[in-house]
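Summary of the model geometry
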Amino acid sequence: MDKNMLADLESLPEADRQRMSGMMEQLQIRDSLRMYNALVERCFTDCVDTFKHKSLQKQEETCVRRCAEKFLKHSMRVGMRFAELNQGAATQD
């Protein structure tokens, strides 16, 4: 958040700040669930070939693990880059 947004939040009455905080938490939870669901769907689609067995085959398990690692590394990298850009934009103000 930039300085102006923080100042705006701090100027709100306590009840409104709590309500905004709750809304932001809900948005963060929703975004986390979306990311998790995208991860599961993508890795399942890419890695699971058949339903002949109850559990994943060794190659499917390896594929899912690699897929999840790549997805999480990519998400972390994008998050770090976004934070860098946000920080750069905040210092320009």
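Counting restarts for each chain: residues are numbered from 1 in the order of the written sequence. Local features in a predicted model are, by the rule used here, given only for residues with pLDDT of at least 70; side-chain atom pairs are given and counted only at 80 or more, and totals for whole chains, interfaces and linings are based on all residues. As a rule here, side-chain values come from all non-hydrogen atoms in the structure, and water together with hydrogens is ignored.

Points about the overall build of the protein chain
- Strands here mean DSSP runs of E at least two residues long; helices mean DSSP runs of H or I at least four residues long; both are numbered from the N terminus. Counting its regular elements, the protein chain contains 3 helices and 0 strands.
- Taken from N to C terminus, the helices and strands of the protein chain fall in the order α-α-α.
- In the protein chain, the share of contacts with a sequence separation of at least 24, taken over all contacts with a separation of at least 6, comes to 34%. In this description, contact between two residues means that some pair of their heavy atoms is separated by no more than 4.5 Å.

Points about the state of the cysteines
- Whenever a pair of cysteine sulfur atoms sits within 2.5 Å, that pair is classed as a disulfide. A complete count under the given rule lists 2 disulfides for this structure.
- What pairs with C43 in a disulfide is C67, and their sulfur atoms sit 2.1 Å apart. With the S-S dihedral at roughly -90 degrees, the linkage between C43 and C67 falls on the left-handed side. Linking C43 in helix α2 (residues 14-47) with C67 in helix α3 (residues 58-92), this pair joins segments that are 24 residues apart in sequence. Each member of the pair, C43 as well as C67, carries the same accessibility label: buried.
- C47 shares a disulfide with C63; S-S distance 2.0 Å. Burial classification: accessible surface area is computed with a 1.4 Å probe over protein chains only, and a residue below 20% of its type maximum counts as buried, one above 50% as exposed, and the rest as partly exposed.

As for a nonpolar patch on the surface
- Like charges within 9 Å and nonpolar side chains (Val, Leu, Ile, Met, Phe, Trp, Tyr) within 5 Å are joined into patches, using only residues over 30% in relative accessible area that form no salt bridge. Each accessible area is a Shrake-Rupley result for a 1.4 Å probe, and residues are judged covered by the shown protein chains and nothing else. We count a salt bridge whenever a side-chain nitrogen from Lys or Arg sits within 4 Å of a carboxyl oxygen from Asp or Glu. On the surface, Y36, V40, F44 and F51 cluster together to form a nonpolar patch covering roughly 470 Å² of accessible area.
- A relative accessible area of 69% places F51 in the exposed class.

Digging into the confidence of the model for the protein chain
- Per-residue confidence from the predictor is given as pLDDT, running between 0 and 100. Residues with a pLDDT of 70 or more make up 88% of the protein chain, whose mean pLDDT is 86.
- When the elements of the protein chain are averaged for pLDDT, helix α1 (residues 3-10) gives the smallest value, 64, and α2 the largest, 91.

A short note on the nonpolar core
- Residues grouped as a nonpolar core are buried Ala, Val, Leu, Ile, Met, Phe, Trp, Tyr and Cys residues, joined through side-chain atoms within 4.5 Å. Counting 5 residues, the largest nonpolar core is built from L39, C43, C47, C67 and F71.
- Of all elements in the fold, only α2 and α3 reach the threshold of two or more residues within this core.
- It is α2 that contributes the most residues to this core, 3 residues altogether.
- When neighbours within four sequence positions are excluded, F71 is seen to be in contact with M35, A38 and L39.

Points about the side chain of E60
- Along the chain, E60 falls in helix α3.
- Only four residue types enter the charge count, namely Lys and Arg as positive and Asp and Glu as negative; His and the chain termini do not. Although E60 is buried, it makes no salt bridge; K52 carries the closest opposite charge, 9.6 Å away.
- Any N or O atom pair separated by 3.5 Å or less is treated as a polar contact, with the protein-specific requirement of one donor-capable and one acceptor-capable atom, and with residues adjacent in sequence counted only for side-chain atom pairs. Side-chain polar atoms of E60 contact the backbone nitrogen of Q57, separated by 2.9 Å.
- If we skip the residues at most four places from it in the chain, E60 touches C47, V48, D49 and T50.

Let's talk about the pattern of salt bridges
- Using the criterion set out here, one finds 6 salt bridges in the structure.
- The closest approach of N and O atoms between E84 and R81, which form a salt bridge, is 3.2 Å. Taken together, the residues E84 and R81, both in helix α3 and 3 residues apart, mark about one turn of the helix.
- Taking relative accessible area as the criterion, E84 reaches 39% and is therefore assigned partly exposed.
- For R81, a relative accessible area of 40% corresponds to the partly exposed category.

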